[in-house]
Amino acid sequence: MSKNLTPPMEPLSVGNVVSAGLRIYRDHFKSYFGISLRATLWSFLPVVFALFCIPLVFISGDNTISFVLILIPIVLVLFVYCAAKYFVNSALISRLVFGVLTNQPETVSSARQMVNPQMWNILISLFIVWIILFVFNLILTLAQQLIFFPLAYILASLNLELMLPLISLLLSLVVLGLYIWLYSRLFIPEVSLAVETNINTSQGISRSWELTKGSVFRIQLIVFITFLVTIPMYIVAIIPILASFASIAFTAANSPAAALQQFAPIILITLILFFVATVAITPFWQVIKGVIYYDLRTRREGMGLQLRKQDI
């Protein structure tokens, strides 16, 4: 980056971030969709492998236990590797978006060469973030119970049990707010690793923490709006099951075998629709992350970056 920095620009509005994401995704749909298809196929590979192995378990006879013991580490290794491939391909989209916004576009192949060496750093950083969020959630839940039950005892002794639902709601909102705060601070470590390829796992997480300071509310508004934009595709994916549930339940009451035959193709259709929805939605989320990362770096570091001259 140039050392002649300009003053930081004002942050993009929530609406501008989402509209910019939609426009960039539309303009680069073919390449981003292709990357997402590749990533999603990697993510489905362990599932397909596990389904393929299930019949082998049943026909292994006396060697079932030995076969399972051999199979478990193979599935785990495959799962970890495929997860790494999925996340590195997803992060690749965010890097491409950053290049578009900084007027330094890259080809998919050249960007992939830069991001691929970060594959394990990206996976480890996201795993660490998951562990942090999981432990933090456990601590919050425990703290909520430790606060609620003494208060419940005190209110019950004062004949104020009617206040318990309100107290429970307030505590839940506080817990949710704290969790959202931490989630937002750790929202973009893989994007930092994909763009700033000279940093390691801990630095990627630190960059997310540094860049998102003071932007929690904006990030959550963007996430919420993006969720509203994308959720209809998943709703469409489960329509076949919802539409046929009553019929299948009625059939199952009379003939479980017939219900299973009726349910199998519906499950297959639902899986296909869910797969297509995932392939289509994943790039949009990564585009949004790329725009957020660009906006945060511009605003906090004054890199002198400017949005491309188009209505976004």
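Quick caveat, the model's predicted, so the values are computed rather than measured.

Draft legend 1. Helix H4 (residues 108-115), seen in detail. Three or more residues of H4 are buried, namely Ala-111, Arg-112 and Val-115. Mapping the buried residues of H4 onto a view down its axis gives an arc of 105°, with all of them on the same face.

Draft legend 2. Representation of unusual backbone geometry. For Asn-103, which is not glycine, the phi dihedral falls at a positive 55°. Tracing the backbone shows Asn-103 in the loop between helix H3 (64-101) and H4. Using a relative accessible area of 51% as the deciding quantity, one classes Asn-103 as exposed.

Draft legend 3. Representation of the packing of aromatic side chains in the model. Tallied over the full model, the rule gives 15 aromatic pairs. Ring geometry for Phe-127 and Trp-130: centres 6.3 Å apart, planes at 20°, overall stacked. One end of the pair, Phe-127, and the other, Trp-130, are both in helix H5 (residues 119-157), three residues apart, so they sit about a helical turn from each other. Taken together through their ring pairs, the aromatic side chains of Tyr-25, Phe-29, Phe-33 and Phe-284 make up a single cluster. One Lys or Arg, Arg-185, reaches over the ring of Trp-209 and ends 4.0 Å from the middle of that ring.

Draft legend 4. The pattern of salt bridges, seen in detail. Taken as a whole and judged by the stated rule, the model has seven salt bridges. The salt bridge involving Arg-95 is made with Glu-106; its shortest N-O contact spans 2.9 Å. Separated by 11 residues along the polypeptide, Arg-95 in helix H3 and Glu-106 in the loop between H3 and H4 bring together distant segments of the chain. Under the relative-accessibility criterion, Arg-95 is labelled buried at 10%. In this structure, Asp-295 and Arg-218 form a salt bridge, with 2.9 Å as the shortest nitrogen-oxygen distance. Here Asp-295 is found in helix H10 (residues 256-301), whereas its partner Arg-218 is found in helix H9 (residues 216-254), with 77 residues between them in sequence. This pair shows no difference in class: Asp-295 is buried, exactly as Arg-218 is. Each of Glu-196, Arg-207, Glu-210 and Arg-297 takes part in salt bridges that share partners, so that together they form one network.

Draft legend 5. Structural detail: the nonpolar core. By size, the foremost hydrophobic cluster in this structure holds 46 residues, and its most contacted members are Tyr-32, Val-97, Val-287, Val-291 and Ile-292. Looking at this core, the elements with two or more residues in it are helix H1 (14-27), helix H2 (29-58), H3, H4, H5, helix H7 (189-195), H9 and H10. Among the elements that line this core, the one with the most residues is H3, at 11 residues. With six residues, the next largest nonpolar core counts Phe-148, Leu-164, Ile-167 and Leu-171 among its residues.

Draft legend 6. Spotlight on helix H8 (residues 201-211). Buried within H8 we find Thr-201, Gly-204, Ile-205, Arg-207, Ser-208 and Leu-211. Projected down its long axis, H8 carries its buried residues within an arc of 155°, all on one side.

Draft legend 7. Representation of the environment of Ile-188 in the model. Of note, Ile-188 is situated in the loop between helix H6 (164-185) and H7. Here Ile-188 falls in the buried class, since its relative accessible area comes to 0%. Linking Ile-188 and Lys-289, residues 101 residues apart in sequence, is a C-alpha distance of 6.8 Å. Among residues more than four places away in sequence, those in contact with Ile-188 are Ser-208, Leu-211, Thr-212, Lys-289, Tyr-293 and Leu-296.

About the criteria used
Residues numbered from 1 in each chain as written. Predicted model: local features only at pLDDT ≥ 70, side-chain atom pairs only at ≥ 80, totals over all residues. Heavy atoms only, no water. Buried < 20%, exposed > 50% of the residue type's maximum accessible area, 1.4 Å probe, protein only. Helix = DSSP H or I, 4+ residues; strand = E, 2+ residues; numbered from the N terminus. Arc of directions from axis to C-beta. Phe/Tyr/Trp six-rings, centres within 6.5 Å; stacked < 30°, edge-to-face > 60°. Lys NZ or Arg CZ within 6 Å of the ring centre and 35° of its normal. Salt bridge = Lys/Arg side-chain N within 4 Å of Asp/Glu carboxyl O. Core = buried A, V, L, I, M, F, W, Y, C linked by side-chain atoms within 4.5 Å. Contact = heavy atoms within 4.5 Å.

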